[in-house]
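Structure at a glance
In case you want the letters, here they are:
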Amino acid sequence: MHFCPVYIYAFVLFETILALSGDGRNEITVGAIFYENEKEIELSFDQAFREVNNLKFAELRFVTIKRYMPSNDSFLLQQITCELISNGVAAIFGPSSKAASDIVAQIANTTGIPHIEYDLKLEATRQEHLNHQMSVNVAPTLSVLSRAYFEIIKTNYEWRTFTLIYETPEGLARLQDLMNIHALNSDYVKLRNLADYAGDYRVLWKEADETFHEHRIILDCEPGTLKELLKISVDFKLQGPFRNWFLTHLNTHSSGLKDIYNEDFKANITSVRLKIVDPNPFERKKTRISRVDQILGNQTMLPILIYDAVVLFANSARNIIAAMQPYHPPNRHCGSPNPWMLGPFIVNEMKTISEDDVEPHFKTENMKLDENGQRTQFNLEIYKPTVNEPLMVWTPDNGIKRRHISLDLGDSGSTQDFSVQRKVYTVVTHYEEPYFMMKEDHENFRGREKYEGYAVDLISKLSELLEFDYEFMIVNGNGKYNSETKQWDGIIRKLIDHHAQIGVCDLTITQLRRSVVDFTVPFMQLGISILHYKSPPEPKNQFAFLEPFAVEVWIYMIFAQLVMTLAFVLIARLSYREWLPPNPAIQDPDELENIWNVNNSTWLMVGSIMQQGCDILPRGPHMRILTGMWWFFALMMLSTYTANLAAFLTSNKWQSTIKDLQGLIEQDEVKYGSMRGGSTSLFFSESNETDYQRAWNQMKDFNPSAFTTTNKEGVARVRKEKGSYAFLMETTSLTYNIERNCDLTQIGEQIGEKHYGLAVPLGADYRTNLSVSILQLSEKGELYKMKNKWWKNHNVTCDTFHEVDGDELSIIELGGVFLVLAGGVLTGVILGIFEFLWNVQHVAVEERVTPWQALKAELIFALKFWVPKKPLRISGSSDKSSSRRSSGSKKSRSKTGS
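Since the structure is predicted, the reported quantities are computational estimates derived from the model, not experimental observations.

**Comments concerning the nonpolar core**
If you look at the biggest cluster of nonpolar residues, it comprises 96 residues, and the most contacted ones within it are Phe62, Phe93 and Phe313. Here this core gets 15 residues from one element, more than from any other, and that element is helix 11 (residues 301-323). Once residues within four sequence positions are removed from consideration, phenylalanine 93 is found in contact with Val30, Gly31, Ala32, Ile33, Phe45, Phe49, Ile116, Tyr118, Ala309, Val310 and Phe313.

See the structure below:
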């Protein structure tokens, strides 16, 4: 509605007469410029001045003049501004940000009239600040608002990858701290303008889902567009569980989002709005709610901000006019060279006045302007627009704090929040003992019950603590990075694409993986070690003392002894020096006797080779030469045997010279490798330590390749090649395989330190809860119990062998010597028994007694150890027989002595 100048002048004259003849209060005229569809803002403006006038500030009474703009016309805006100034207004409110021109601020700056703005606008340049010295804006500055969003997203939500979608330049300015246009990394932050998809928003959401695999979207759009955008996004599963939305427009709550909210919206949707002053719980409630009460109660930004703008100006004007009496009204000419003298004082008061000194109180918390008249102090409320549930409060000084929810939350909680329902997590893993395996009788089970292992138990424990359901997704491998395609596979790929929410297995936390996924706190600590083949010990040979010589050597030695014995007998018989009289006392015997018979020669040969000698020795030179040569032969054979026996008996105590990685590097007999593309190979390839670099270079140069595709293949290769291959792997898997394979062993100590953790998509909000739950399981000892269950609980029993030093021989290896001794003793005893029985029979015949009597007599005498002398007759026979026996015995003794 427009007023003609005649009516305006009449109205002003009428107001002046009332001021002079009425209650004595000074009338202050205030102008406002609205667009025709800003009725709610106008109602809030009127309500604010109504409340201000009811307080009767210091004999001031405010009169408002409102003008309306049908469209954004800079020329018309200039005319209306000059018309308001000609009416003597002490301040001009508006227009809103729909105005493309700053003509009002420039005219106000020239005339000294305070100009109050209440809408978000782009930051003014330094030159513009000089032209806007009379302007103040109670709306938050976009730079501080952008910083607030940065702290919410980066600090509190911990989002590192997301898609930014904006609709207007002001919206992009609100997001300026979340990205840098000149250094924007499209892999982490994707920027999209809604105007590019105005023809069909479905293209935008399809790109976000199928191309970006986006689970975190920051959307800045007008409330009127929001409902349509979110409704279309449902068809692309962007409102499903584990999706996160952050709506940055401060009027999101007024978009009517609750009208379309249903069980299809399981995403976590949050937004922000200006934090209003908490109502006084003891204040009397209105029984009749007016239209303006509803507008202010809805927390719509512009009506609330213009209310605060009115309160700010009215209190500032009251303070200045009361301090500078008499009151000097402003000039009534738009181009007056003399600005209003009170205007700058009022503007400066608005910049410095405390929110505790105003009445009525501001609607929004933390109202403070800087020296440029911009609002840099304000509080934001983080809330869920779908159910109107307040969550946290952001302040410029203290950051984010959880909101203490008051008892009066309006309609909060009246709508069911589908985003907090029990979620079903997709857990991606791969087959790897003992982390994830198929049960032996898996045919009898369905779903996740078919699997077992450490990872299965861990996820089960976490689901009980956090109260979530889960299902398994099985892939091949943890995740390797292809430097050529710059793509990941395995578990990491599924997490990047958000096809799964949790990744679990023997998944090592590395810096490269941390750049694309997040990890929880570690659930297992480990390192790298060397897996090698353990050869079974050689079986103990009881006749090891025979092994220093080959079989043919022993045969040749026996043959040589027989030949030497016969040669000795023959040569001795040829030598006249070896023929001696039987009785040395007879000087001229009738016959000579040669002592070198087969028995005596054999005894000499055996005694010589045993290094024991003999009581009888040869007399002739040729016999002595023959004996000396045999002694030389016996000496050489015995020395050789002794040396070879010592070496042979200790040879099976030899241990490998490979004691650690250093020994593995410095030898060239055993090849070694690791799993290709795994964290172990990455550790060696990126290490700066000399030994690790040497090991990596050697592994790369081996032909055929020393790398394997899986740990299982590496273990099989170690067992197959039986000592000619070693495998570098993580100690957890190494220990597991050693426990179940007796032919495997660990070489050296642990190399480095690594950790296993659960992987989640970047910025996943449930990562913290998983980490806390893992710490709880660790403190309760559950992780230790699970590891013992899957590492120690098995049915394999390995034989234990007593390890001895190289210079020590076991009883088994020398057992043959004892057996030979026992055999010789037994042979001697048996021959002695046979000789005793033969002698008993001879005695029985000679003494004409029964064999039993002779046996009894001889045995009784033999057992009398204390009797040193044996009588000639011990069986009780006749003297004649005794004499005959005695005579026979003498002859026998004589023969034996010879």
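**Quick notes on the state of the cysteines**
What the rule picks out here adds up to 1 disulfide. Two residues share a disulfide in this structure: cysteine 82 and cysteine 334, whose sulfurs sit 2.2 Å from each other. Between cysteine 82 and cysteine 334, the disulfide has an S-S torsion of -45° and is therefore left-handed. With cysteine 82 in helix 3 (residues 74-86) and cysteine 334 in the loop between helix 11 and helix 12 (342-352), the pair connects residues that are 252 residues apart, well separated along the chain.

**Some thoughts on the side chain of aspartate 209**
By secondary structure assignment, the location of aspartate 209 is in helix 8 (residues 201-211). We classify aspartate 209 as buried; its relative accessible area is 18%. What aspartate 209 contacts, discounting residues up to four positions off in sequence, is Glu214, Phe236, Leu238 and Arg243.

**Brief notes about helix 21 (residues 690-701)**
The terminal C-alpha atoms of helix 21 lie 17 Å apart, and with 12 residues this matches the ideal 16 Å at 1.5 Å per residue to within 8%. What helix 21 keeps buried is the set Tyr692, Ala695, Trp696 and Met699. Here the buried residues of helix 21 occupy an arc of 100° about the axis, which is enough to place them on one side. In this structure, helix 21 carries Thr690 and Asp701 as exposed residues pointing more than 90 degrees from its buried face. Among the structural elements, helix 19 (661-666), strand 27 (671-673), helix 20 (679-686), strand 28 (725-730) and strand 29 (744-756) are those in contact with the buried residues of helix 21.

**Focus: the pairing of strand 8 (residues 216-220)**
Taken across its 5 residues, strand 8 has 5 buried, putting it largely inside the fold. When strand 6 (residues 162-166) meets strand 8, the two strands line up parallel, connected through 4 bridges. Residue isoleucine 165 lies in a different strand from strand 8, and its bridge partner there is leucine 219. Bridge count for strand 8 against strand 9 (residues 244-247) is 4 bridges, and the pairing is parallel.

**As for the confidence of the model for the chain**
Close inspection of predicted coordinates is inappropriate in any region flagged by low pLDDT. Here the chain averages 83 in pLDDT, while 85% of its residues score no lower than 70. Taken as a whole, residues 1-22 scores under 50 in pLDDT and shows 19 contacts with residues more than four places along the chain or in a different chain. Segment residues 407-413: pLDDT under 50, and 12 contacts once partners within four positions in sequence are set aside and those in other chains are kept.

**Side note on the pattern of salt bridges**
Opposite charge on two side chains permits them to pair, given that their charged atoms come into close proximity. All chains considered together, the criterion is met by 27 salt bridges. A salt bridge links glutamate 27 to arginine 61; the shortest N-O distance between them is 2.9 Å. Of the two residues, glutamate 27 sits in strand 1 (residues 26-35) while arginine 61 sits in strand 2 (residues 60-69), which places them 34 residues apart along the sequence. You can call glutamate 27 buried: its relative accessible area is 18%. A relative accessible area of 31% places arginine 61 in the partly exposed class. For glutamate 117, the salt bridge identified is with lysine 121, shortest N-O distance 2.4 Å. The class for glutamate 117 is buried, based on a relative accessible area of 11%. What makes lysine 121 partly exposed here is its relative accessible area of 25%. Beyond isolated ion pairs, a larger network of salt bridges with shared partners links Lys39, Glu42, Asp46 and Lys66.

**Regarding a nonpolar patch on the surface**
On the surface, Ile625, Met629, Phe632, Leu635 and Met636 cluster together to form a nonpolar patch covering roughly 510 Å² of accessible area. Take isoleucine 625: it is sitting in helix 18 (residues 621-651).

**Focus on the sheet that holds strand 11 (residues 368-369)**
On the basis of which strands lie adjacent, the open sheet formed by 7 strands has the order 2-1-3-4-5-12-11 and mixed pairing. Single-partner strands in this sheet number two, and they are strand 2 and strand 11. Both strand 3 (residues 92-93) and strand 4 (residues 115-117) contribute to a ladder of 2 bridges, which runs parallel. Pairing of phenylalanine 93 across the sheet is with isoleucine 116, part of strand 4.

**Here we look at the packing of aromatic side chains**
For the structure shown, the criterion picks out 38 aromatic pairs. Plain terms: the ring middles of tryptophan 205 and tryptophan 245 are 5.3 Å apart, the flat faces sit at 65° to each other, and that makes the pair edge-to-face. Of this pair, tryptophan 205 sits in helix 8 while tryptophan 245 is found in strand 9, placing the two residues 40 residues apart along the sequence. Taking relative accessible area as the criterion, tryptophan 205 reaches 0% and is therefore assigned buried. You can call tryptophan 245 buried: its relative accessible area is 1%. Centroid distance tyrosine 435 to tyrosine 756: 5.9 Å. Interplanar angle 80°. Geometry classified as edge-to-face. Here tyrosine 435 is found in the loop between strand 16 (424-429) and strand 17 (437-438), whereas its partner tyrosine 756 is found in strand 29, with 321 residues between them in sequence.

**Focus: the packing of helix 16 (residues 551-574) against helix 17 (residues 598-609)**
It is the contact of helix 16 with helix 17, at a shortest axis distance of 9 Å, that shows an interaxial angle of 135°. Accordingly, the angle class assigned to the pair helix 16 and helix 17 is oblique. Handedness of the crossing formed by helix 16 with helix 17: right-handed. Within the contact between the two elements, helix 16 uses Met557, Gln561, Met564, Thr565, Phe568 and Val569 and helix 17 uses Val598, Ser601, Thr602, Leu604, Met605, Val606 and Ile609. Here the residues of the contact of helix 16 with helix 17 sort into 9 nonpolar, 4 polar and no charged.

**Focus on the packing of helix 13 (residues 454-466) against helix 24 (residues 767-779)**
Relative orientation of the contacting elements helix 13 and helix 24 amounts to 110°, with a least axis distance of 10 Å. Comparing the axis directions of helix 13 and helix 24 gives the class roughly perpendicular. Across the interface between the two elements, Leu458, Lys461, Leu462, Leu465 and Leu466 from helix 13 touch Asn769, Leu770, Ser773, Ile774, Gln776 and Leu777 from helix 24. The class makeup of the residues in the contact of helix 13 with helix 24 is 7 nonpolar, 3 polar and 1 charged.

**Description of the environment of isoleucine 774**
Locating isoleucine 774 in the fold gives a position in helix 24. Non-local contacts of isoleucine 774, meaning those with residues more than four positions away in its chain, are made with Leu462, Thr520, Val521, Pro522, Phe523, Leu758 and Leu783.

**Quick look at the sheet that holds strand 15 (residues 399-402)**
The 8 strands lie next to each other as 7-6-8-9-10-13-14-15, forming an open sheet whose pairing is mixed. In this open sheet, the two edge strands, each paired with only one partner strand, are strand 7 (189-193) and strand 15. Within the sheet, the average angular offset between the axes of one strand and its neighbour, ignoring direction, is 20°. Most of the contacts of helix 6 (residues 142-156) go to strand 14 (residues 389-395), to which it runs at about 115°, and overall it touches strand 6, strand 8, strand 9, strand 10 (268-274), strand 13 (380-384), strand 14 and strand 15. Seen against the sheet, helix 9 (residues 223-233) touches strand 8 and strand 9 and runs at an angle of roughly 170° to strand 9.

**Re the side chain of glutamate 349**
By the element assignment, glutamate 349 lies in helix 12. Summary of buried charges: glutamate 349 has no salt-bridge partner, and the nearest side chain of opposite charge, arginine 318, is 7.1 Å away. At 3.0 Å, the side chain of glutamate 349 and the side chain of asparagine 319 are in polar contact. Excluding residues that lie within four positions of it along the chain, glutamate 349 makes contacts with Ser316, Asn319 and Ile320.

Cut-offs and rules
Residues numbered from 1 in each chain as written. Predicted model: local features only at pLDDT ≥ 70, side-chain atom pairs only at ≥ 80, totals over all residues. Heavy atoms only, no water. Core = buried A, V, L, I, M, F, W, Y, C linked by side-chain atoms within 4.5 Å. Buried < 20%, exposed > 50% of the residue type's maximum accessible area, 1.4 Å probe, protein only. Helix = DSSP H or I, 4+ residues; strand = E, 2+ residues; numbered from the N terminus. Contact = heavy atoms within 4.5 Å. Disulfide = S-S within 2.5 Å. Expected span 1.5 Å × (residues − 1). Arc of directions from axis to C-beta. Pairing = 2+ DSSP bridges. pLDDT = per-residue confidence, 0-100. Salt bridge = Lys/Arg side-chain N within 4 Å of Asp/Glu carboxyl O. Patch = residues over 30% accessible without salt bridge, like charges linked within 9 Å, V, L, I, M, F, W, Y side chains within 5 Å. Areas by Shrake-Rupley, 256 points an atom, 1.4 Å probe, with all protein chains shown as cover. Phe/Tyr/Trp six-rings, centres within 6.5 Å; stacked < 30°, edge-to-face > 60°. Axes fitted to C-alpha atoms, helices over the stretch in contact; angles between N-to-C directions. Parallel < 35°, antiparallel > 145°, perpendicular 65-115°, else oblique. Left-handed = near helix turned anticlockwise from the far one by under 90°. Nonpolar A, V, L, I, M, F, W, Y, C, P; charged D, E, K, R; others polar. Lys, Arg positive; Asp, Glu negative; His and termini not counted. Polar contact = N/O pair within 3.5 Å; in protein donor to acceptor, adjacent residues only side chain to side chain.

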